[in-house]
Amino acid sequence: MQFDYKAVFKTNLKTIREERGLSQKDLSSKLGVPVSTYANWEQGRREPSICDIFKLIEVLEIDANELFLI
């Protein structure tokens, strides 16, 4: 059985954003990306670059594991 990192990532990303009380628009603005780009990450249509992942970690003040672990 293969682990679905993409599904875990999109679920964790949305959960963390909501826990922080941020809208997609708020977070995309803090990250400097279009809302549509951010929405695609949460919906699993696109994957962020490694640079964007580092920005997410910094802006959300989280450990990388929070994005990728169940």
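Quick caveat, the model's predicted, so the values are computed rather than measured. (Residues numbered from 1 in each chain as written. Predicted model: local features only at pLDDT ≥ 70, side-chain atom pairs only at ≥ 80, totals over all residues. Heavy atoms only, no water.)

Undergrad: Looking at this structure, I do not really get the packing of aromatic side chains. What am I missing?
TA: Centre distance and the angle of the planes are the two values used to describe a pair of aromatic rings. This model, assessed by the stated rule, comprises 2 aromatic pairs. Ring geometry for Phe-9 and Phe-68: centres 5.4 Å apart, planes at 25 degrees, overall stacked. Within this pair, whereas Phe-9 is found in helix H1 (residues 5–19), its partner Phe-68 is found in helix H5 (residues 65–68), the two being separated by 59 residues in sequence. Assessed through its relative accessible area of 7%, Phe-9 is described here as buried. Here the aromatic rings of Tyr-38 and Trp-41 are separated by 5.8 Å at their centres, their planes lie at 65 degrees, and the arrangement is edge-to-face. Separated by 3 residues within a single helix, Tyr-38 and Trp-41 lie in helix H3 (residues 35–43), roughly one turn from each other. (Phe/Tyr/Trp six-rings, centres within 6.5 Å; stacked < 30°, edge-to-face > 60°. Helix = DSSP H or I, 4+ residues; strand = E, 2+ residues; numbered from the N terminus. Buried < 20%, exposed > 50% of the residue type's maximum accessible area, 1.4 Å probe, protein only.)

Undergrad: Can you help me understand the side chain of Asn-40 in this one?
TA: With respect to the helices and strands, the residue Asn-40 is situated in helix H3. Dropping the residues within four chain positions of it, Asn-40 is found in contact with Arg-45 and Arg-46. (Contact = heavy atoms within 4.5 Å.)

Undergrad: What am I meant to see in the environment of Leu-31 here?
TA: If you trace the backbone, Leu-31 turns up in helix H2 (residues 24–31). The exposure class of Leu-31 is buried, given its relative accessible area of 5%. Among residues more than four places away in sequence, those in contact with Leu-31 are Tyr-38, Trp-41, Lys-55, Leu-56 and Val-59.

Undergrad: Just checking my understanding: could you explain the environment of Gln-24 for this structure?
TA: When you line up the elements, Gln-24 lands in helix H2. With relative accessibility at 23%, the residue Gln-24 sits in the partly exposed group. For the pair Gln-24 and Tyr-38, spaced 14 residues apart in the sequence, the C-alpha separation amounts to 6.9 Å. Once residues within four sequence positions are removed from consideration, Gln-24 is found in contact with Arg-17, Val-35, Tyr-38, Ala-39 and Glu-42.

Undergrad: How should a negative patch on the surface be read in this particular structure?
TA: Together, Glu-18, Glu-19, Asp-63 and Glu-66 line one region of the surface with negative charge. Residue classification places Asp-63 among the partly exposed positions, given a relative accessible area of 42%. (Patch = residues over 30% accessible without salt bridge, like charges linked within 9 Å, V, L, I, M, F, W, Y side chains within 5 Å. Areas by Shrake-Rupley, 256 points an atom, 1.4 Å probe, with all protein chains shown as cover. Salt bridge = Lys/Arg side-chain N within 4 Å of Asp/Glu carboxyl O. Lys, Arg positive; Asp, Glu negative; His and termini not counted. Charge placed at Lys NZ, Arg CZ, Asp CG, Glu CD.)

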